[in-house]
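# Analysis of the macromolecular model
The chain contents come next:
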Amino acid sequence: MDIQCPGRMINISKKFILGTLAFLTALVFIAVYQKTSQKPEVVFLDVGQGDSILVILPGDIQILIDGGPSDKISAKLSKYFPFYDKDIELAILTHPHTDHLNGLVSVFKDYNVKNFIWSGANYESKLYSNFVEVLKKEGSVIYLAKAGDVVSYGNQPILKILSPPEILLGKSFKDVHDSDVVSEIDLGGKKLLLMGDSNEVVESRLTASNAVTDIDVLKVGHHGSKTATSPQLLQIARPEEAVISVGNNSYGHPAANVLSNLSNIGAKIFRTDKIGDVIYK
Amino acid sequence: MHISRVLTIIAFGFMLGVGLYSAVGFSWWIIAVLILALSAVGVIEVTDGSKETLFSFLIVFSVLVGFLRLATFAEDFSVAEKTFWEKSRSVLMEKTNDILPPSESAVFNAMVFGYEKEISEDLKTAFNNTGTRHVLAISGMNISIIAMMLMSFGLMVGMWRKHSFWFAVLGVVSFIFLVGCPPSAVRAGIMGIILLWAKNRGRLAKEWRPVVIAGFFMTALNPTLLVFNIGFQLSFLAVLGIIFFNGFWGRVFKWVPVKFARDLLSLSMAAQITTLPVLIYNFGTVSVISPIANIFVVPVLTPIMFLGLGFSAFFWWPIAAKIFLWPCWLILKVTVRIVEFFGAIPWASVQVGKSGLILFAVYYPLLFLFWKFLERKGLNEKV
């Protein structure tokens with residue numbers, strides 16, 4: 001509380017004007033810096049036990065794949081966004097489990113999601129039906145994932161959908177992991193394969209259809225679970241680097257044999273529970 | 001006797017009665033004693049008519065009223081419908097969320113619109129540890145900043161002093177409506193206007209009566225405030241602390257070279273000294289860093305409230321809304337960093353353990369004696 005006669009505030013001093021101008025200059029400087037320093041990168045966010053991957057492209061373009069298990073994601077994302085940018089150009093939901101979906105609800109609340117890709121498969125949960133309501137209100141352009149779909153930036157293909165093989169809208173699954181959206185990111189010639197929570201059923205379908213090629217970085221499926229990342233997949237994909245998005249859990253993720261299989265093919269392993277956010281530039 | 005004196009006596013008595021009820025509960029013997037005392041003093045008053053008996057009569061009478069008020073008070077717990085004004089607040093807050101990054105928009109919404117639920121627990125703890133949590137609510141401080149800005153604006157565009165005062169009051173009232181009239185903001189508005197009025201009279205130190213009378217009206221409307229609402233207790237006591245001890249702390253910090261740092265140090269120490277037992281009783285912690293942290297955090301309120309007012313007026317115009325909010329982003333980002341920095345210092349807040357009610361019974365009489373001592377030595381006068 002400033003005890004001074006209000007009348008004295010009339011004389012706006014030179015110092016005050018200079019201070020305001022300096023402050024505004026700093027603000028503009030930060031905005032320009034944040035705008036021009038953007039480089040293509042993929043951030044595997046440390047969201048605890050769950051998945052959330054952010055792809056950043058120059059020109060304030062952001063692609064978010066899954067939202068992790070909690071609403072902490074919003075504050076986490078803001079570290080990677082310019083302060084003036086509240087748009088997410090594209091969000092992808094791989095499958096409707098809580099550790100991928102829950103954070104996405106708060107992302108939709110805090111950010112303006114312009115485009116959205118999902119499988120549209122049926123899944124019984126309160127969170128999922130709540131999310132569908134949020135999605136309807138948001139007004140994003142919604143696409144149903146299908147193998148072969150390509151997202152381009154400029155004329156450059158950036159993201160390719162590898163699975164599901166057909167449109168799954170309204171279909172039910174015994175294991176919803178069968179409906180997982182698998183995608184491949186092309187970052188200036190480097191290929192990143194994002195497996196989501198795919199199980200071996202999806203993997204064998206991908207290898208059988210020759211959808212998977214030699215890649216550079218593998219986002220290991222299902223947090224390194226023993227039900228994913230088969231030796232057959234690794235043999236074809238041959239990643240140089242592998243990222244495991246995992247936190248404290250009671251499921252035994254990541255499985256020891258997955259880790260050793262990865263080491264056997266010479267892949268360097270990066271775990272979000274060990275090093276926090278994994279940034280690939 | 002002057003009317004303000006009579007009101008002050010009634011206010012004291014009333015609050016004493018409310019306090020008495022919460023301490024001992026409803027019992028017939030107290031009622032009986034009070035009525036007996038009342039009639040005894042009443043009889044003397046009729047026959048004698050001196051100032052002292054009228055004084056006692058008023059005080060016993062108001063204690064009784066306070067006692068009965070809380071005894072018969074039934075809080076309305078029914079969930080009220082969202083009023084039009086509450087909706088206006090949520091429209092504004094959604095607009096903020098659209099423009100500012102999530103962490104900063106949460107702090108902005110707390111400071112300007114008094115909605116602190118979006119702030120993460122970690123950050124709340126940091127604000128608590130640094131004794132700066134009061135900025136995350138609409139307090140008398142925020143309101144008096146708004147009032148002063150409006151008053152200066154009024155003077156700047158050529159209004160008479162009296163007119164610009166009423167202009168500021170009108171602005172504060174409409175701002176409180178804008179944020180949905182939560183009771184805490186209404187109380188803050190009353191406190192803020194009193195402070196503005198007192199400041200204009202240029203004798204802040206003597207204006208404790210309106211504060212006590214305002215406290216009386218607030219407790220008369222909802223007597224549970226006095227005993228159960230920590231926010232009310234803290235802001236009420238802080239204002240009284242500033243009125244009674246600001247001069248003394250100003251002398252203590254005479255050596256501080258920068259005027260605004262000196263003012264803020266003495267204000268925050270003055271507020272601290274009267275609110276300390278409430279903090280210890282409820283939370284068991286004392287923020288040691290508070291006076292220093294407040295030097296950095298409190299000045300932020302002025303530009304934020306200014307930009308917040310501008311935003312509230314122009315929220316419907318996207319470009320203007322951004323122009324008002326983007327500067328807030330940088331200010332708040334730096335503020336949050338500062339709070340986190342101070343909050344992370346290990347000795348920032350000290351655990352002293354929760355105390356019993358006895359603390360109040362010991363502390364406030366001692367504080368009163370201390371104030372008396374300062375008065376006698378003339379140490380309360382401003383330097």
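Here we summarise the structure given alongside this text. (Residues numbered from 1 in each chain as written. Chains lettered and ligands numbered in written order. Predicted model: local features only at pLDDT ≥ 70, side-chain atom pairs only at ≥ 80, totals over all residues. Heavy atoms only, no water.)

## Considerations on the overall build of chain A
Here is the rule: Comment: elements are numbered from the N terminus, with helices defined as DSSP H or I runs of at least four residues and strands as E runs of at least two. For every residue, the accessible area (1.4 Å probe, protein chains only) is compared with the maximum for its type, and the residue is labelled buried under 20%, exposed over 50%, or partly exposed between those bounds. Working rule for contacts: check all heavy atoms of both residues, and any pair within 4.5 Å makes them a contact. To be clear on the numbers: accessible area is Shrake-Rupley with a 1.4 Å probe, and residue cover counts the displayed protein chains and nothing else.
Helix and strand counts for chain A come out as eight helices and 14 strands. Overall size of chain A, expressed as C-alpha extent along the three principal axes, is 80 × 45 × 40 Å. Buried residues in chain A amount to 51% of all 281 residues. Contacts in chain A between residues far apart in sequence, at least 24 positions, make up 66% of those at least 6 positions apart. Carbon and sulfur atoms provide 56% of the accessible area of chain A, an area that totals close to 12,900 Å².

## So, a nonpolar patch on the surface
Residues and elements named next belong to chain B. Our working definition: Patch membership needs two things, relative accessible area over 30% and no salt bridge, and members are linked within 9 Å if like-charged or within 5 Å if nonpolar (Val, Leu, Ile, Met, Phe, Trp, Tyr). In the sections that follow, a salt bridge refers to a side-chain nitrogen of Lys or Arg positioned within 4 Å of a carboxyl oxygen of Asp or Glu.
Together, Phe314, Trp316, Trp317, Ile319 and Ile323 make up an exposed nonpolar region whose accessible area comes to about 580 Å². Tracing the sequence through the fold places Trp317 in the loop between helix H14 (290-314) and helix H15 (318-344). On the basis of relative accessible area, Trp317 is assigned to the partly exposed category, the value being 44%.

## As for empty space enclosed by the protein
All names here are of chain A. To keep things clear, this is the line we draw: Points on a 1 Å grid over protein atoms alone make up a cavity when a 1.4 Å probe fits among them but cannot get out, and a pocket when they form an open set with protein on both sides within 12 Å along at least five of seven lines; lining residues each have an atom within 4 Å of a point. Grid points are joined across faces, edges and corners, and a volume is the space filled by probe spheres set on the points. Under this grouping Gly is polar, as are all residues other than the nonpolar Ala, Val, Leu, Ile, Met, Phe, Trp, Tyr, Cys and Pro and the charged Asp, Glu, Lys and Arg.
As enumerated under the stated definition, the model contains one cavity of 30 Å³ or more in all. Taken as a whole, the largest cavity spans an internal volume of roughly 30 Å³. In terms of lining, the largest cavity is formed by Leu93, Thr94, His95, Pro96, Trp118, Ser119, Gly120, Ala121 and Tyr128. When its residues are assigned to classes, the lining of the largest cavity shows five nonpolar, four polar and no charged.

## A closer look at the packing of helix H8 (residues 161-178) of chain B against helix H9 (residues 183-201) of chain B
All names here are of chain B. The test is simple: Each axis is a line fitted through C-alpha atoms, taken for helices only over the stretch in contact, and angles between the N-to-C directions span 0 to 180 degrees. Note on terminology: angles under 35 degrees are roughly parallel, angles over 145 are roughly antiparallel, angles of 65 to 115 are roughly perpendicular, and the others are oblique. For any helix crossing, the convention is left-handed if the near helix is rotated counterclockwise from the far helix by under a right angle, and right-handed if that rotation is clockwise.
Contact geometry for H8 and H9: axes closest at 10 Å, N-to-C directions at 165°. When the axis of H8 is compared with that of H9, the two are roughly antiparallel. H9 is crossed by H8, and the crossing has right-handed handedness. Listed contacts from H9 to Arg161, Phe165, Ala168, Val169, Val172 and Ile176 of H8 are Ala185, Val186, Gly189, Ile193, Leu196, Trp197 and Asn200.

## With respect to the sheet that holds strand E5 (residues 112-118) of chain A
All names here are of chain A. Put simply, the test is: Whether two strands pair depends on DSSP finding at least two bridges between them.
In space, the seven strands of this open sheet follow the order E6-E5-E4-E3-E2-E1-E14, with mixed pairing throughout. The sheet is open, and its two edges are formed by strand E6 (141-144) and strand E14 (278-280), each paired on a single side. Direction aside, the axes of adjacent strands within the sheet are offset by 20° on average. Here five bridges tie strand E4 (residues 87-92) to E5, and the two strands are oriented parallel to one another. Residue pairing across strands places Ile88 opposite Val113, the latter belonging to E5.

## A short note on H9(B)
Residue and element names in this part refer to chain B. Just so we agree on the cut-off: Residue count minus one, scaled by 1.5 Å, sets the expected span of a helix.
Across its 19 residues, H9 extends 27 Å between first and last C-alpha, which sits within 8% of the 27 Å expected from 1.5 Å per residue. Every buried residue of H9 is accounted for by Ala185, Arg187, Ala188, Gly189, Met191, Gly192, Ile194, Leu195, Leu196, Ala198 and Lys199. Buried residues belonging to H9 abut helix H7 (140-156), H8, helix H10 (208-221), helix H11 (224-228) and helix H12 (230-252).

## Comments concerning the environment of Phe217(B)
Residues and elements named next belong to chain B. In this structure, Phe217 sits in helix H10. What makes Phe217 partly exposed here is its relative accessible area of 47%. Separated by 203 residues in sequence, Phe217 and Phe14 have C-alpha atoms that sit 9.9 Å apart.

Scope: geometric values only; no functional claims are made or implied.
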